[in-house]
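# Breakdown of the fold
Read off the chains here:
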Amino acid sequence: MSATTNMSRPSVILQNVKKTFTLNHAFSLKDTMVALVRGRKRTSSFEALKGVDLVINEGESIAILGLNGSGKSTMLKLVSGVMQPDEGEVLTRGRVAGLIEVGAGFHPELSGRENVFLNAAILGMNQHEIEARYDDIVEFSGIEQFIDQEVKHYSSGMFMRLAFSVAIHVELDVLLVDEILSVGDAPFREKCRDKFQELISQRKTLVVVSHDAEMVRELCTRGVVVHKGEIIFDGDIDSALARIEG
């Protein structure tokens, strides 16, 4: 039984969602020729999701849990629109922001300041919204003194902090978070958690994929366990974590 409560309207609906990937087993010309000579298959299919049904209500904080390769991240990418399902339907309400591939829209030759405006626009913010949030974005990142340097000179930590800060300041209704709290040091991660709590208090919908049981228990009230592309449990977060840990 689902642990969803009657909390107004749904924010995310997945109906009989299926997604299959083709895996390539021959990467070089030599491998391809050997595979042909020996009659080996050069590709195979992998069913990442096998007809998933899920409803996430407005204001819920939910964790998608499971082992590596279970289909968790695929679900998030489908909800974000990065991927399309092979079958079924994915419906979302309002603006969806995904902390999935943080910094994917950053350009190394541009400064941090220029990348803030570029990446925020890619994430759906208009010029007025970006200008209104710019100071908060830079302050949150903690790299004010380097903001006019080209991003190609940033350390990986500086880059991820700025990219994360842009993404988390998008005006949103649904936030998707995929294993990104390894970004930065402990004080920065604590700021991120505080920001998530702020969004939850504003009744934003939060969907988290993480192996960090402590963080998941702190942020989420509901857990959905995915195994080999299928939902095998949907209930309160403690029971969901016990299912994984057991």
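These figures come from a predicted structure and were not determined experimentally. (Residues numbered from 1 in each chain as written. Predicted model: local features only at pLDDT ≥ 70, side-chain atom pairs only at ≥ 80, totals over all residues. Heavy atoms only, no water.)

## Re the pattern of salt bridges
- Tallied over the full model, the rule gives 15 salt bridges.
- In this structure, Glu58 engages Arg9 in a salt bridge whose closest nitrogen and oxygen atoms are separated by 3.3 Å. Placement of the pair is Glu58 in the loop between β2 (43–57) and β3 (61–65) and Arg9 in the segment before β1 (10–24), with a sequence separation of 49 residues.
- Overall, Arg9 belongs to the partly exposed group, its relative accessible area being 43%.
- Its salt-bridge partner being Arg133, residue Glu171 comes within 2.5 Å of it at the nearest N-O pair. Residue Glu171 is located in the loop between α5 (156–168) and β6 (174–178), and its partner Arg133 is located in helix α4 (residues 127–141); the two are separated by 38 residues in the primary sequence.
- By sharing partners, the salt bridges in this structure join Glu60, Arg222 and Asp234 into a single network. (Salt bridge = Lys/Arg side-chain N within 4 Å of Asp/Glu carboxyl O. Helix = DSSP H or I, 4+ residues; strand = E, 2+ residues; numbered from the N terminus. Buried < 20%, exposed > 50% of the residue type's maximum accessible area, 1.4 Å probe, protein only.)

## What about the nonpolar core?
- Counting 42 residues, the largest nonpolar core has Leu65, Phe164, Leu175, Phe196 and Val216 as the members making the most contacts within it.
- Here this core takes seven residues from α5, the largest share from any one element.
- Excluding anything up to four places from it in sequence, Val216 contacts Ala63, Leu65, Ser210, Ile237 and Leu241.
- Formed by 21 residues, the second largest nonpolar core is a distinct cluster that contains Leu54, Ile56, Ile100 and Val209. (Core = buried A, V, L, I, M, F, W, Y, C linked by side-chain atoms within 4.5 Å. Contact = heavy atoms within 4.5 Å.)

## Focus: the confidence of the model for the chain
- Residue-level pLDDT values for the chain average 87, and 87% of them are 70 or greater.
- Note on residues 1–7: pLDDT under 50 across the span, and 17 contacts to partners over four residues away in sequence or across chains. (pLDDT = per-residue confidence, 0-100.)

## Overview of empty space enclosed by the protein
- According to the stated counting rule, one finds one cavity of 30 Å³ or more in the structure shown.
- Of the pockets and cavities examined, the largest cavity occupies roughly 40 Å³.
- Together, Val12, Leu14, Leu54, Ile56, Ile64, Met75, Leu76, Val79 and Val207 line the largest cavity.
- Elements with a minimum of two residues in the lining of the largest cavity: β1, β2 and α2 (72–80). (1 Å grid on protein atoms, 1.4 Å probe; cavity = no way out; pocket = protein on both sides within 12 Å on 5 of 7 lines; lining within 4 Å. Points joined across faces, edges and corners; volume = space filled by probe spheres on them.)

## Some remarks on unusual backbone geometry
- Positive phi is not limited to glycine here, since Asn16 has a value of about 50 degrees.
- For Asn16, the location among the structural elements is in strand β1.
- The phi angle at Arg203 is positive, at roughly 60 degrees, despite the residue not being glycine.
- As for its position among the elements, Arg203 is in the loop between α6 (186–201) and β7 (205–209).
- Relative accessible area serves as the criterion here: at 42%, Arg203 is assigned to the partly exposed category.

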